[in-house]
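What the coordinates show
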Amino acid sequence: MNLATRIFLALLAGLAAGAIVPMLGGPGVSAAALAIAEPVGNLWLQALQMTIIPLIAGLLFTGIAESVGTAGGGKVAGAALLSFLVLLLVSAVWAILFVPQLLSVWPAPAQAAAALTGTAPGTAATVGPINVGDWLLSLVPSNVFKSLAAGDMLPVVVFVSAFALASGRLPERQQAPLILFFESLKDAMLVLVGWIFVLGPVGVFALAMAVGLKAGLAAFGVLAHYVVVLVIAQVSLILVVYVLMAFFGGGVVRFARAVLPAQAVAVSTQSSIASLPAIYEGAEQLGLPESVSRVVLPLAVSIFRITSPCANIAVVLYVGHLNGIAPGPLALAAGVLAALAAAVSTGGLPGSITFLAATVPIANAMGVPVAALPLLLAVELLPDIFRTLGNVTADLAVTAILSRRLKLENAAAQV
């Protein structure tokens, strides 16, 4: 039984125990159980949180360094990287536009959300006006070590991103030690996270039991609602990809047929890399030139994950919804920046680590509490399928769109 399954079963057991204890033991026993479960769960959560900033620093630096290095200055690779960035931005903006509307039409169960957070969904928190100038200044840390100590993720992300880009201009003999340092930092943090995740079932059980004691059986309804909302958000993004193919990729029907085998592999394996041979076959079926597909597809599978910004922002918006927090425009913009950084830096990691490494900085940027994130991590089994499905679909779509664009550019140059 893998770790994700054990964590999921621990979640179910914790919620069930929390719901049953009050029925069997009364208020006194419930209070005693809560007094034990909350500290244990919070201890595990804090242990995870202490790894986030160094892990993000290592991931972001090496992710940017690898992305810049992979581009190699080639025309096709450069155009692919620009296309990836545009589509990642589309993904983030789509989540900001779509998810709040979905939650306004179909909100989380109010009674359970109130029991979990003390604030009924739909009751927006009062947030004072934010000056645009102050917000821009907050992105650039005057003292990065102060930001590190305070746990302010967005200034750290900005600094590490700029540092990584600047290091790319150094001679190789100077750049190599920096890359080695951040790779070592990343790897050491992954080892530490792995140790912490060994206790994941215990931590999630304790957190879930605390939730069950507060919300009862209604907690199952909140988690089921969350899963459906996240799946709908990702399916809607996949439909956006089909629309883009209809307008910019040369037609959607042929594309839908060509991508179907790769989608089947993605659903069964939950791996974009395992889907790569089927994506290549789809590119051949569409008649895409090998000069484009042989460059773009490996690059896309390695670093392009279109569902990452949409899904991760959707997670944070959902937690904000539970807590009655409606992020303002500047908070949403900060969330988009954090989501783009996460999309670049968290590729190739196990889903459990990717989930927290990506969503915690976004939540921090938007001013949303992170306490519920480990519970949502425990039910990522189904949404993760749609993450891979969307990524594989977009990998072939961006290759088709880019092939058509380059073909039109070459035709125009010959006229």
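This next bit is on the overall build of the protein. Along the protein, the regular secondary structure elements total 17 helices and 0 strands. Computed over C-alpha atoms, the radius of gyration of the protein comes to 22 Å, within 12% of the 22 Å expected from 2.2 N^0.38 for 415 residues, which places it in the range of a compact globule. Relative to its full complement of 415 residues, the protein shows a buried share of 51%. Across the protein, every contact between residues at least 6 apart in sequence was considered, and the portion connecting residues at least 24 apart equals 86%.

A cluster of nonpolar side chains, Ile-36, Val-40, Val-198, Leu-199 and Val-202, forms an exposed patch at the surface whose accessible area comes to about 470 Å². Inspection of the secondary structure puts Leu-199 in the loop between α7 (172-198) and α8 (200-215).

What follows covers the confidence of the model for the protein. Within the protein, residue pLDDT values average 88, and 92% of them lie at 70 or more. Taking the mean pLDDT of every element in the protein, the minimum, 72, falls on helix α3 (residues 110-117) and the maximum, 96, on helix α13 (residues 307-322).

It is worth spelling out the environment of Met-23 at this point. For Met-23, the position within the fold is in helix α1 (residues 3-71). As for Met-23 and Lys-407, which are separated by 384 residues in sequence, their C-alpha atoms are 68 Å apart.

This paragraph deals with the nonpolar core. Within the largest apolar cluster, 131 residues are counted, with the highest numbers of intra-cluster contacts made by Leu-11, Phe-84, Phe-197, Tyr-226, Phe-304, Ile-313 and Leu-396. With 7 residues, the next largest nonpolar core counts Ala-17, Ala-33, Ala-37 and Ala-210 among its residues.

A word on the pattern of salt bridges. Pairs can form between side chains of opposite charge whenever their charged atoms are close. Applying the stated criterion to the full structure yields 3 salt bridges. Residues Arg-294 and Glu-290 are paired through a salt bridge, measuring 4.0 Å at the closest nitrogen-oxygen approach. Of this pair, Arg-294 and Glu-290 are both found in helix α12 (residues 290-303), 4 residues apart, which corresponds to roughly one turn of the helix.

Our next topic: the packing of aromatic side chains. Enumeration according to the criterion identifies 11 aromatic pairs in this entry. Taking the centre distance of 6.0 Å and the plane angle of 70 degrees together, the rings of Phe-163 and Phe-182 count as edge-to-face. One end of the pair, Phe-163, is in helix α6 (residues 153-167); the other, Phe-182, is in helix α7, and 19 residues separate them in sequence. Residue Phe-182 is classed as buried on the basis of its relative accessible area, which comes to 7%.

Moving on, we come to the packing of α13 against helix α14 (residues 329-345). The geometry of α13 relative to α14 is characterised by a closest axis approach of 9 Å and an angle of 135 degrees between their N-to-C directions. Here α13 lies oblique to α14, going by the angle between them. Of the two possible hands of crossing, α13 and α14 adopt the one that is right-handed. Of the residues in α14, those in contact with Ser-308, Pro-309, Ile-313 and Leu-317 of α13 are Leu-332, Gly-335, Val-336, Ala-339 and Ala-343.

Moving on to α7. Between its first and last C-alpha atoms α7 spans 38 Å; for 27 residues at 1.5 Å apiece the expected length is 39 Å, and the two agree. For α7, the full list of buried residues reads Gln-175, Phe-182, Lys-186, Met-189, Leu-190, Val-193, Ile-196 and Phe-197.

Turning next to α6. An ideal rise of 1.5 Å per residue puts 21 Å on 15 residues; α6 measures up with 21 Å between its terminal C-alpha atoms. Buried within α6 are the following residues: Met-153, Leu-154, Pro-155, Val-156, Val-157, Val-160, Ser-161, Ala-164 and Ser-167.

At their nearest, the axes of helix α2 (residues 75-105) and α13 sit 8 Å apart, and the two run at 30 degrees to each other. One finds that α2 runs roughly parallel with respect to α13. α13 is crossed by α2, and the crossing has right-handed handedness. Packed against α2, whose contacting residues are Leu-88, Ser-91, Ala-92, Trp-94, Ala-95, Ile-96, Val-99, Pro-100 and Leu-103, the element α13 presents Thr-307, Pro-309, Cys-310, Ile-313, Ala-314, Leu-317, Tyr-318 and His-321 at the interface.

We now examine the side chain of Thr-393. Of note, Thr-393 is situated in helix α17 (residues 381-414). Engagement of the side chain of Thr-393 in a polar contact is seen with the backbone oxygen of Leu-389, the distance being 2.8 Å. The residues contacting Thr-393, other than those within four sequence positions of it, are Ile-238, Val-241, Tyr-242, Phe-255, Val-259 and Gln-263.

With that settled, the discussion passes to the side chain of Ser-345. When you line up the elements, Ser-345 lands in helix α14. When its relative accessible area of 5% is taken as the criterion, Ser-345 is described as buried. Side-chain polar atoms of Ser-345 contact the backbone oxygen of Ala-341, separated by 2.9 Å. Each residue touching Ser-345, except ones within four places of it in the same chain, is listed here: Leu-59 and Leu-60.

Criteria and thresholds
Residues numbered from 1 in each chain as written. Predicted model: local features only at pLDDT ≥ 70, side-chain atom pairs only at ≥ 80, totals over all residues. Heavy atoms only, no water. Helix = DSSP H or I, 4+ residues; strand = E, 2+ residues; numbered from the N terminus. Rg over C-alpha atoms; globule rule 2.2 N^0.38 Å. Buried < 20%, exposed > 50% of the residue type's maximum accessible area, 1.4 Å probe, protein only. Contact = heavy atoms within 4.5 Å. Patch = residues over 30% accessible without salt bridge, like charges linked within 9 Å, V, L, I, M, F, W, Y side chains within 5 Å. Areas by Shrake-Rupley, 256 points an atom, 1.4 Å probe, with all protein chains shown as cover. Salt bridge = Lys/Arg side-chain N within 4 Å of Asp/Glu carboxyl O. pLDDT = per-residue confidence, 0-100. Core = buried A, V, L, I, M, F, W, Y, C linked by side-chain atoms within 4.5 Å. Phe/Tyr/Trp six-rings, centres within 6.5 Å; stacked < 30°, edge-to-face > 60°. Axes fitted to C-alpha atoms, helices over the stretch in contact; angles between N-to-C directions. Parallel < 35°, antiparallel > 145°, perpendicular 65-115°, else oblique. Left-handed = near helix turned anticlockwise from the far one by under 90°. Expected span 1.5 Å × (residues − 1). Polar contact = N/O pair within 3.5 Å; in protein donor to acceptor, adjacent residues only side chain to side chain.

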